[in-house]
Amino acid sequence: MKKYATVILLSLATLAGLRAQEYVPTAENLKAREEFQDNKFGIFLHWGLYSMLAQGEWVMNRENLNHEEYAKLASGFYPSRFNAEEWVKAVKASGAKYICFTTRHHEGFSMWATRQSDYNIVDATPFRRDVLKELADACRKHGIRLHLYYSHLDWHRDDYYPLGRTGRGTGRTTHGEWKTYYTFMNNQLTELLTQYGDIGAIWFDGVWDHDADPDFDWQLPEQYALIHRLQPACLVANNHHQAPFAGEDIQIFERDLPGENTAGLSGQDISRLPLETCETMNGMWGYKIVDQNYKSVKTLIHYLVKAAGRNANLLMNLGPQPNGELPATGVERLKAMGEWLATHGETVYGTRGGDVTPRDWGVTTRKGNKLYVHILDLPDRGLFLPLTTARVKSAVVFDSRKPVAFRQEKAGVTLTLPETPDAIDYIVELTLKEG
Ligand code: GLC
């Protein structure tokens, strides 16, 4: 008997020990996750020295640019038209609720007044302004949340070592040590989380640089714990293209809606964490002068709605120009999205993926006892919804409030629309019976 009791006690102690290392999100963090999901729409801004070369943020790797030569770009970086307030106003006009800004991309240049290296916008450029500080202030003033992109990999520093599979032609001497680099990153993250107010999320990228040597230890749990210690509500995200690791608060998809994999980066399982998918407005993240191929307003709205129907947020990217302005076509698109959201936002913000899973014709979103049927493509007035989880009390067209005829059977509900849908998003609002 005594022996069993000892065994049980020992197992409990081991379990408790294990638990102590497990990540348990705080109440603030769980609340932040809900708010993040309610916000539904954010704008990604990729801006760095690469913007000057105007060929996207991977130019250094693609053209095997020597990192010392590349660094000379800094002394010519003077984005004379940068105005954080204008950026934030354009974002606000789009109906987006947060910005994700590249604080330091793979090129290794820091876009804030970091003390950890001189290779930053204040010390190394004639501009000498802490653009992150200006952006953080403008966000706070206009009620926009600020998320920070931070690259794990670095094509510039010698202590990003051992090298990964990218940036092999940038001429680093690789004399440095991972330990120094890891400390450098954690010191930078500490600055970001202590000097710029509340940060909505840290959005990591680059872990895939070591996917050919999967045993490489990034020491992520300790880094995530540091973030959560400094700001418990700050969400940790990592664009590693895998199912979430312990310590992460949201799951990211790149260039595909959750469940789809056209870009080849999204075969991973969909977790129960809040989801976000990021996409470019033209074809590139960083500014690319020859790429004027901006997605249409219709495509952008469809992408947002399709993400919402899959229970995911949309993070839509724009690459600011080297002069500091947002590209004019992008700003126009943002405005048009905002105009649509001003009248239809109720069917997107604060919703979760609806009871009927995504279909060829569109998606559903759910908030309380409302189920919004977003018809994106239907050449017909009749629509069968395999809705078996709830009973419909009433159905109207969201815009016109015209009644929609419906017949509910065991297998679902058949709607007969008053007209053939021809709006960007023809929404039917179903009021469901309680209970
Ligand atoms: C990829 C690219 C990077 C970009 C990111 C955005 O990981 O390497 O340049 O910032 O996707 O999702």
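Let us look at the structure shown here. Computed from a prediction, not measured in an experiment: that's the story for all the values here.

**Overview of the pairing of strand β6 (residues 251-254)**
Okay, so step 1: Neither face of β6 is left uncovered, since the one carrying Q251 and F253 and the one carrying I252 and E254 both have all their residues buried.
Okay, so step 2: Bridge count for β6 against strand β7 (residues 275-280) is four bridges, and the pairing is parallel. For F253, the partnering residue across the bridge sits in β7 and is T277.

**Points about the sheet that holds strand β14 (residues 405-409)**
Each strand in a sheet pairs with another by means of backbone hydrogen bonds, the pair being arranged parallel or else antiparallel.
Okay, so step 1: As summarised here, the arrangement of the three strands in space is β12-β15-β14, forming an open sheet in which the pairing is antiparallel. The sheet terminates laterally at β12 (382-385) and β14, the two strands that pair on one side only. Here the average twist between neighbouring strands, direction ignored, is 15 degrees.
Okay, so step 2: Across five bridges, β14 lies against strand β15 (residues 412-416) in antiparallel orientation. Each bridged residue has a counterpart across the sheet, and for R407 the counterpart in β15 is T414.

**A word on the side chain of K40**
Okay, so step 1: Counting through the fold element by element, K40 comes out in the loop between α2 (27-39) and β1 (41-45).
Okay, so step 2: One buried charge, K40, has no salt-bridge partner; the nearest side chain with opposite charge is D38, at 5.8 Å.
Okay, so step 3: Excluding residues that lie within four positions of it along the chain, K40 makes contacts with L304, A308, A312, N313, L314, V348, Y349, T351 and R352.

**Quick word on the sheet that holds strand β11 (residues 370-375)**
Okay, so step 1: On the basis of which strands lie adjacent, the open sheet formed by five strands has the order β9-β10-β11-β16-β13 and antiparallel pairing. Among the strands making up the open sheet, the edge pair consists of β9 (352-353) and β13 (392-397).
Okay, so step 2: Two strands pair when backbone bridges link them, and β9 and strand β10 (residues 362-367) are joined in this way by two bridges, in the antiparallel orientation. Along β10, the bridge assignment pairs G353 with T365.

**Considering unusual backbone geometry**
Okay, so step 1: Residue P162 is reached from Y161 by a cis peptide bond, and omega for that bond is 0 degrees.
Okay, so step 2: Backbone geometry places H241, a non-glycine residue, at a positive phi of 65 degrees.
Okay, so step 3: Position of H241 among the secondary structure elements: in the loop between β5 (235-239) and β6.
Okay, so step 4: A positive phi angle is found at N311, which is not glycine, with a value near 65 degrees.
Okay, so step 5: For N311, the location among the structural elements is in the loop between α10 (297-309) and β8 (312-318).

**Examining the pattern of salt bridges**
Okay, so step 1: Applying the stated rule across the entire model yields 21 salt bridges.
Okay, so step 2: Put simply, K133 and D137 hold a salt bridge, and the shortest N to O gap is 3.0 Å. Note that K133 and D137 are positioned in helix α7 (residues 131-142) at a spacing of four residues, about one turn of the helix.
Okay, so step 3: Here R366 makes a salt bridge to D355, at a shortest N to O gap of 3.0 Å.

**Quick notes on empty space enclosed by the protein**
Okay, so step 1: On inspection of all chains with the given rule, the structure shows one cavity of 30 Å³ or more.
Okay, so step 2: In this structure, the largest cavity spans a volume of roughly 50 Å³.
Okay, so step 3: Lining the largest cavity are N282, M284, G286, Y287, K288, Y294, N317, L318, G319 and P327.
Okay, so step 4: Grouping the amino acids of the lining of the largest cavity by side-chain chemistry returns five nonpolar, four polar and one charged.

**A closer look at the pairing of β12**
Okay, so step 1: Of the two faces of β12, only one is covered, namely that formed by L383 and L385; the face formed by G382 and F384 stays uncovered.
Okay, so step 2: By the bridge criterion, four bridges tie β12 to β15 in an arrangement that is antiparallel. In the strand pairing of β15, G382 is matched with T416.

**Regarding the nonpolar core**
Okay, so step 1: Membership of the largest hydrophobic core comes to 91 residues, with the highest contact counts inside it found for F41, I99, F101, L135, L146, Y150 and I202.
Okay, so step 2: With eight residues, helix α8 (residues 178-194) is the largest single contributor of residues to this core.
Okay, so step 3: Ignoring any residue separated from it by four or fewer positions in sequence, one finds I99 in contact with I43, L45, V88, V91, L135, C139, I144, R145, L146 and H147.
Okay, so step 4: Core analysis: the next-biggest nonpolar cluster, separate from the first, contains 21 residues, L385, L387, V392 and V404 among them.

**Here's the deal with the layout of surface pockets**
Okay, so step 1: Roughly 360 Å³ of volume is contained in the largest pocket.
Okay, so step 2: The wall of the largest pocket is formed by 22 residues, among which W58, W208, E254, L265 and W285 lie closest to the centre.
Okay, so step 3: Partitioned by chemical class, the residues of the lining of the largest pocket number nine nonpolar, seven polar and six charged.
Okay, so step 4: Taken as a whole, the second largest pocket holds about 250 Å³ of empty space.

What counts, and where the lines are drawn
Residues numbered from 1 in each chain as written. Predicted model: local features only at pLDDT ≥ 70, side-chain atom pairs only at ≥ 80, totals over all residues. Heavy atoms only, no water. Buried < 20%, exposed > 50% of the residue type's maximum accessible area, 1.4 Å probe, protein only. Helix = DSSP H or I, 4+ residues; strand = E, 2+ residues; numbered from the N terminus. Pairing = 2+ DSSP bridges. Axes fitted to C-alpha atoms, helices over the stretch in contact; angles between N-to-C directions. Lys, Arg positive; Asp, Glu negative; His and termini not counted. Salt bridge = Lys/Arg side-chain N within 4 Å of Asp/Glu carboxyl O. Contact = heavy atoms within 4.5 Å. 1 Å grid on protein atoms, 1.4 Å probe; cavity = no way out; pocket = protein on both sides within 12 Å on 5 of 7 lines; lining within 4 Å. Points joined across faces, edges and corners; volume = space filled by probe spheres on them. Nonpolar A, V, L, I, M, F, W, Y, C, P; charged D, E, K, R; others polar. Core = buried A, V, L, I, M, F, W, Y, C linked by side-chain atoms within 4.5 Å.

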